[in-house]
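# Breakdown of the fold
Read off the chains here:
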Amino acid sequence: MATNNSKTYHLYSYFRSTCTNRVVIAMHIKGIPVEHTYIDLSKASHEIPEFQTLNPSKSVPILIIKEDGNETILTQSIAIMEYLEESLPTLTPLLPQGDVVQRARVREMVNIISSDIQPITNGRIAKRVRAIRGEAMDQITFVTEFSVGDVVTMADVCFAPAVGMALAYGTNLDGLPRVMALFEKLGELPAFQKGHWKMQGDTPEAMRDP
């Protein structure tokens, strides 16, 4: 379902960013049209002064919302999803409706993934680990040491990119059948397929699925 909202949305993104993937999936679920500017983190495009003016923390995603001549800039994936949920409540919800406990459960899982799990696979953290000894295997080993209801929620939107990136790092998840079963189930949904890092506008052709 597409929104008739008069606002326009511009997303600064990078195809391998799990945080960006969360926002892209959420916007597909809600049917929100968005224009992209691709930031190549591998080429340090986030280090240029113009980008730092938008986001001093030098990270993606950045969502710019324009309406009636006003511009709002949001820079953290969870804050962006909460904004989309609160500003567009009639579109497919990402938080359970009317049940405060279930809403808290979703936020609980979102925090577990975004605060406890996802940072371990964050490129900036992994590179720092590698830099300690200059060994690529240190980065890989560090990264590889480590889902509320009947509808898709923010927890799933955070869960899928985290698992996807863990698999991209070569993590063996064979011992986690429930994790993999949910990951595969989410992978069958159009929004998650469209939001997968291999399907983004800046994904190199060689890294796309055949």
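So, here's what we can say about the structure.

Rules of the game
- Residues numbered from 1 in each chain as written.
- Predicted model: local features only at pLDDT ≥ 70, side-chain atom pairs only at ≥ 80, totals over all residues.
- Heavy atoms only, no water.
- Pairing = 2+ DSSP bridges.
- Helix = DSSP H or I, 4+ residues; strand = E, 2+ residues; numbered from the N terminus.
- Core = buried A, V, L, I, M, F, W, Y, C linked by side-chain atoms within 4.5 Å.
- Buried < 20%, exposed > 50% of the residue type's maximum accessible area, 1.4 Å probe, protein only.
- Axes fitted to C-alpha atoms, helices over the stretch in contact; angles between N-to-C directions.
- Parallel < 35°, antiparallel > 145°, perpendicular 65-115°, else oblique.
- Left-handed = near helix turned anticlockwise from the far one by under 90°.
- Contact = heavy atoms within 4.5 Å.
- Nonpolar A, V, L, I, M, F, W, Y, C, P; charged D, E, K, R; others polar.

Bridging between strand β3 (residues 62–67) and strand β4 (residues 70–74) involves five bridges; their strand directions are antiparallel. Across the sheet, residue glutamate 67 finds its bridge partner in β4, namely asparagine 70. Linking β3 to β4, which pair antiparallel, is a turn of two residues; within it aspartate 68 sits at a positive phi near 55°.

This part takes up the nonpolar core. Counting 25 residues, the largest nonpolar core has Ile29, Met154, Val157, Phe159 and Phe192 as its most contacted members. Breaking this core down by element, the ones donating at least two residues are α1 (18–30), α4 (100–117), α7 (154–168), α8 (177–186) and α9 (190–195). Ranked by residue count, the leading element in this core is α7, at eight residues. Counting residues in hydrophobic clusters, the runner-up holds 13 residues, among them Ile32, Ile65, Leu74 and Ile80.

Right, let's talk about the packing of α1 against helix α3 (residues 77–87) for a bit. At a minimum axis distance of 9 Å, the contact between α1 and α3 shows a crossing angle of 15°. Relative to α3, the element α1 lies roughly parallel. Helix-helix and strand crossings are classified by hand; for α1 and α3 the assignment is right-handed. Between α1 and α3, the residues in contact are Cys19, Arg22, Val23, Ala26, Met27 and Lys30 and Ser77, Ile78, Ile80, Met81, Leu84 and Glu85, respectively. Of the residues in the contact of α1 with α3, the class split is eight nonpolar, one polar and three charged.

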